[in-house]
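The primary structure of each chain is shown beneath.
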Amino acid sequence: MSTLHEECGIFGIFSPKRTALAETVYYGLYALQHRGQEGCGIAVCDDGVITAHKDQGLVGEVFDHRTLSEMPWGSMAVGHVRYSTTGGSERRNCQPIVVNHQKGRMAIAHNGNLSNAGELRSQLELTGAIFHTTSDTETIAYIITKQRLKSPSIEQAVYNTMDIIEGAYSLVVMSPTKLIAVRDPYGFRPLCFGTLPDGSYAVASESCALTAIGASFERDIEPGEMLVFSSQGISSVKDRCGSRGRKACIFEYIYFSRPDSVIDGVSVHKARLKAGSILARSCPADADIVIGVPDSGLDAALGFSRASGIPYGIGLIKNKYIARTFISPTQSSRTDKVRIKLAAVGETVRGKRVVLVDDSIVRGTTGGRIVSLLREAGAKEIHFRVSAPPFLHPCYYGTDIDSEKDLIACRHTPEEIARQMGADSLGYLPADCLDELNAHMGCCKACFNGDYPTSLPKISSKDRYSTKLERC
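Keep in mind it's a predicted model, so treat the numbers as computed, not measured. In every chain, residue numbers begin from 1 and rise along the written sequence. Confidence filtering applies because this is a predicted model: local features only for residues at pLDDT of at least 70, side-chain atom pairs given and counted only at 80 or more, and all residues used for totals across whole chains, interfaces and linings. Hydrogens are left out, water is left out, and the side-chain values use all remaining heavy atoms of the structure.

Q: Sorry, what's going on with the overall build of the chain here?
A: A tally of regular secondary structure across the chain gives 15 helices and 23 strands. Based on C-alpha atoms, the radius of gyration is set beside the globule rule, defined as 2.2 Å times the residue count to the power 0.38. Here the chain has a C-alpha radius of gyration of 22 Å; the compact-globule value for 472 residues is 23 Å, and the two agree. The C-alpha extent of the chain, read off along each of the three principal axes, is 70 × 45 × 40 Å. Summarising the internal contacts of the chain: among those between residues at least 6 apart in sequence, 71% fall at separations of at least 24. Residue burial considers only the protein chains on display, and all accessible areas are found by Shrake-Rupley using a 1.4 Å probe. Working note: accessible area of the chain is about 17,300 Å², and carbon and sulfur atoms make up 49% of it. Computing the positive centroid from 53 side-chain charges and the negative centroid from 52, the chain places the two 1 Å apart. Helix and strand assignments come from DSSP, with helices taken as H or I runs of at least 4 residues and strands as E runs of at least 2, each series counted from the N terminus. Between two residues, a contact is recorded if the distance between any of their heavy atoms is within 4.5 Å. For the purpose of counting charges, residues Lys and Arg are taken to be positive, whereas Asp and Glu are taken to be negative. His and the chain ends are not included. The location of each charge is read from NZ of Lys, CZ of Arg, CG of Asp or CD of Glu.

This is how it looks when you write it as structure tokens:
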């Protein structure tokens, strides 16, 4: 229930025969809707001809039965759900991006954020490139296209591009004959693939999307790996795997991903239970009930309850028809949505000492509103527990934490923040316990400790391109 922003979900499918793939992608995107709710799109390849439909809105709003039925049959398709950073949400920035160039056509969908996007875009502009979007995905598309003009194959062009772009990226690239999936060498963002009974291959940001279409999970795509799906089967290029050291975004486990997903062999649900258990041990509270903020705080609350012995209860009800509050591009809109999105269950909290578990605190405004809801419902005490450490630094890899001035933990102590929110106490997950959440596989903690895996952006202002720079 924080105001964190994530940067999209991607999906791709390669079929051995021509069939109606748009509907399959539709269901895959539906399962990834939590990763982006401002826009979505699907592109289908039919014998080298790529047809795309995309717009602002939820998957069920952009695609109805008529729209899907009018999409052509094909042997490949890619899809995307999108969240933009603050401001600048426009149809032109929806994905997949479709490119027509001298060597053929290409569609690309991207999840992540390039740390050198501004520098690369400036270099391209100086060579005459004209940009039509404010997304760094278009920068990737330009570089792949330039590499394709001097490479023998599309996969070689994508491979070469990986030497140029830096930061977080999981990509699905569709050419007239091949589907290519790429994960950056650090593995910041998740990406996996599976198989369907008819011999099709599917690629998705999370395993829950594979389950939604009836695909069997095969494995995660490794950090630095490139997979190529074609009529000849699957080929893998792994020479970059393990070259940088795994730095998966820890917030995939704390907040972004669906609890039923498994990322790099780690259950998201179990990771959140673990976070709650650590909180109970490191930040105990004398209380009568433990409740979680729907949805991403529920698993951690259950873990806190089990470890502490304090009963678990349903203290907040979420209106399922309201999008995640962080999707709103303005703070005033976020606040309005909090008022109608959540309701306190008086029977659970009235007259009780409550442990309230949430995934994070960014600005503190949303948390303060939730505390007020519980006070109004009669809660006697409220002990706020957070399944993440305090945010202290900007993120350049796809989480919209762009300035220290927006981070309440940079200006106030936990005691001061608790008072501002109206809570009786506040406790964070200890930063030195983060590795326990993903089985010591390695995670990026830069937003907590300032230890960035890559060089910092030379051009980082989000208004570099007239409208806000949008990360997908």
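Q: Looking at this structure, I do not really get the packing of helix α9 (residues 268–282) against helix α10 (residues 298–308). What am I missing?
A: Any two packed helices are characterised by the angle at which their axes cross and by the distance between the axes. Each axis is a line fitted through C-alpha atoms, taken for helices only over the stretch in contact, and angles between the N-to-C directions span 0 to 180 degrees. Running from N to C, α9 and α10 cross one another at 50°; their axes reach a closest spacing of 6 Å. Classified by the angle their axes make, α9 and α10 are oblique. As α9 runs across α10, the sense of the crossing is right-handed. Across the interface between the two elements, His269, Arg272, Leu273, Gly276, Ser277, Leu279 and Ala280 of α9 pack against Asp299, Ala300, Leu302, Gly303, Phe304, Arg306, Ala307 and Ser308 of α10. Gly counts as polar in this scheme, as do all residues outside two lists: the nonpolar Ala, Val, Leu, Ile, Met, Phe, Trp, Tyr, Cys and Pro, and the charged Asp, Glu, Lys and Arg. Within the contact of α9 with α10, the residues separate by chemical class into seven nonpolar, five polar and three charged. By the definition adopted for this analysis, an angle is roughly parallel if under 35 degrees, roughly antiparallel if over 145, roughly perpendicular if from 65 to 115, and oblique otherwise. By the definition used in this description, the sense in which the near helix is turned from the far one sets the handedness, with an anticlockwise turn below a right angle giving left-handed and a clockwise turn giving right-handed.

Q: Just checking my understanding: could you explain helix α4 (residues 117–126) for this structure?
A: Helical periodicity: at 3.6 residues per turn, an α-helix aligns residues three or four positions apart in one direction. The rule is simple: take the accessible area with a 1.4 Å probe, protein chains only, and divide by the maximum for that residue type; under 20% is buried, over 50% is exposed, in between is partly exposed. For α4, the set of buried residues is Ala117, Gly118, Leu120, Arg121, Ser122 and Leu124. The secondary structure elements touched by the buried residues of α4 are β6 (104–114) and α5 (136–148). A positive phi of about 105° marks Gly128, the residue just after α4.

Q: Would you take a moment to explain a nonpolar patch on the surface for this structure?
A: Without a salt bridge and with relative accessible area above 30%, a residue can belong to a patch; like charges are then joined within 9 Å and nonpolar side chains (Val, Leu, Ile, Met, Phe, Trp, Tyr) within 5 Å. Whenever Lys or Arg places a side-chain nitrogen within 4 Å of a carboxyl oxygen from Asp or Glu, that contact is recorded as a salt bridge. A cluster of nonpolar residues, Tyr312, Ile314 and Ile317, forms a patch on the protein surface that exposes about 250 Å² of accessible area. Relative to the assigned elements, Ile317 resides in strand β18 (residues 316–318). The class for Ile317 is partly exposed, based on a relative accessible area of 44%.

Q: Sorry if this is basic, but what is going on with the sheet that holds strand β20 (residues 353–358) here?
A: Any two strands between which DSSP finds at least two bridges are classified as paired. Here four strands make up an open sheet; going across it, the order is β17-β20-β21-β22 and the pairing parallel. Edge positions in the open sheet fall to β17 (289–292) and β22 (425–428), since each of these has one partner strand only. Taking the axes of each pair of neighbouring strands and ignoring which way they run, one obtains an average angle of 20° across the sheet. By the bridge criterion, four bridges tie strand β21 (residues 381–386) to β22 in an arrangement that is parallel. Looking at the pairing, His383 lines up with Ser425 of β22. Strand contacts of helix α14 (residues 414–421): β21 and β22, with the helix running at about 130° to β22, the strand carrying the most contacts.

Q: How should the layout of surface pockets be read in this particular structure?
A: Rolling a probe over the atoms, with the probe sized like a water molecule, indicates the empty space that remains. A 1.4 Å probe that fits but cannot get out identifies a cavity on a 1 Å grid over protein atoms alone, an open set with protein on both sides within 12 Å along at least five of seven lines counts as a pocket, and a residue lines either if it has an atom within 4 Å of a point. Grid points are joined across faces, edges and corners, and a volume is the space filled by probe spheres set on the points. In this structure, the second largest pocket spans a volume of roughly 210 Å³. Looking at the second largest pocket, the residues that line it are Lys54, Arg92, Ile97, Val98, Val99, Ile130, His132, Thr133, Glu138, Ala141, Tyr142 and Thr145. At the level of elements, β5 (97–101) and α5 are the ones that each hand at least two residues to the lining of the second largest pocket. Examining the composition of the lining of the second largest pocket, we find that four residues originate from one element, α5, more than from any other.

Q: What is the right way to read empty space enclosed by the protein from this model?
A: Taken as a whole and judged by the stated rule, the model has four cavities of 30 Å³ or more. Each pocket or cavity is described by its volume, and for the largest cavity that value is around 100 Å³. What lines the largest cavity is a set of 13 residues, among which Cys249, Cys395, Thr399, Cys444 and Cys447 lie closest to the centre. Per-class residue counts for the lining of the largest cavity are 11 nonpolar, one polar and one charged.

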